[in-house]
Amino acid sequence: MYNDKIMEHFMCPQNAYYMQDSDAEGEYGDEGCGDKVICYIKVRDNVLVEVSYLVYGCATSIACASMMSVMAKGKTIEEASKITEQMVDDALGGLPPLKKHCSNLGVGALKYAIADYNYRTNNYKPKPYIDTNKKQL
Ligand code: FES
């Protein structure tokens, strides 16, 4: 059912730890199965120098969170924001069809962590709403 790459990241997940001095964190869960991932990031000069996570979930969600952390570490905020569930799926060599949804958790938690970081570095102010349909005066 699982290929060697998935088994490797499930049996020896990388960067799986609580980061006490993180700059931001994000949590994402699946209401259907009850699993969730919390992602922690440390950012220096706009680069994710450290990415870790905790998982309460299935083997696939652990493998996907591990791969997400490997892919995100060393990337800029902008680059990491573009990581998708499909990219994680591909990097793991293809998830079994019934487990495709498990790739959402790690990527979702990363996106929330990045949103949390942007919020904190913007003095806790939400970004101003920009109405792109409004005509310029
Ligand atoms: Fe819930 Fe895999 S079954 S994330």
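Bear in mind that the values here come from a model prediction, so they are computed numbers and not experimental data. (Residues numbered from 1 in each chain as written. Predicted model: local features only at pLDDT ≥ 70, side-chain atom pairs only at ≥ 80, totals over all residues. Heavy atoms only, no water.)

Enquirer: I tried to follow the packing of helix H1 (residues 4–11) against helix H2 (residues 59–72) on my own but got confused; where do I start?
Expert: Describing two packed helices takes the angle between their axes plus the distance from one axis to the other. Remark: H1 packs on H2, axes separated minimally by 8 Å, with the N-to-C direction vectors making an angle of 85°. Between H1 and H2, the angle falls in the class roughly perpendicular. Packed against H1, whose contacting residues are Lys-5, Ile-6, His-9 and Phe-10, the element H2 presents Ala-59, Ile-62, Ala-63, Ser-66, Met-67 and Val-70 at the interface. Classifying every residue of the contact of H1 with H2 gives 7 nonpolar, 2 polar and 1 charged. (Axes fitted to C-alpha atoms, helices over the stretch in contact; angles between N-to-C directions. Helix = DSSP H or I, 4+ residues; strand = E, 2+ residues; numbered from the N terminus. Parallel < 35°, antiparallel > 145°, perpendicular 65-115°, else oblique. Contact = heavy atoms within 4.5 Å. Nonpolar A, V, L, I, M, F, W, Y, C, P; charged D, E, K, R; others polar.)

Enquirer: I would appreciate a short explanation of the pairing of strand E1 (residues 24–29) in the present structure.
Expert: Taken residue by residue, a regular strand's side chains alternate between the two faces of the sheet. Bridge count between E1 and strand E2 (residues 36–44): 6 bridges; the pairing is antiparallel. Bridging across to E2, Gly-26 finds its partner in Cys-39. From the end of E1 to the start of E2, which pair antiparallel, there are 6 residues, and Gly-34 there has a positive phi angle of about 85°. (Pairing = 2+ DSSP bridges.)

Enquirer: Would you explain the packing of aromatic side chains in this entry?
Expert: Two measures describe an aromatic ring pair: the distance that separates the ring centres and the angle between the ring planes. This model, assessed by the stated rule, comprises 2 aromatic pairs. Taking the centre distance of 6.0 Å and the plane angle of 25° together, the rings of Tyr-28 and Tyr-112 count as stacked. With Tyr-28 in strand E1 and Tyr-112 in helix H5 (residues 103–121), the pair connects residues that are 84 residues apart, well separated along the chain. Taking relative accessible area as the criterion, Tyr-28 reaches 29% and is therefore assigned partly exposed. (Phe/Tyr/Trp six-rings, centres within 6.5 Å; stacked < 30°, edge-to-face > 60°. Buried < 20%, exposed > 50% of the residue type's maximum accessible area, 1.4 Å probe, protein only.)

Enquirer: How should the side chain of Lys-99 be read in this particular structure?
Expert: As for its position among the elements, Lys-99 is in the loop between helix H4 (85–91) and H5. Of the side chains with opposite charge, Asp-35 comes closest to the buried, unpaired Lys-99, at an N-O distance of 6.4 Å. (Lys, Arg positive; Asp, Glu negative; His and termini not counted. Salt bridge = Lys/Arg side-chain N within 4 Å of Asp/Glu carboxyl O.)

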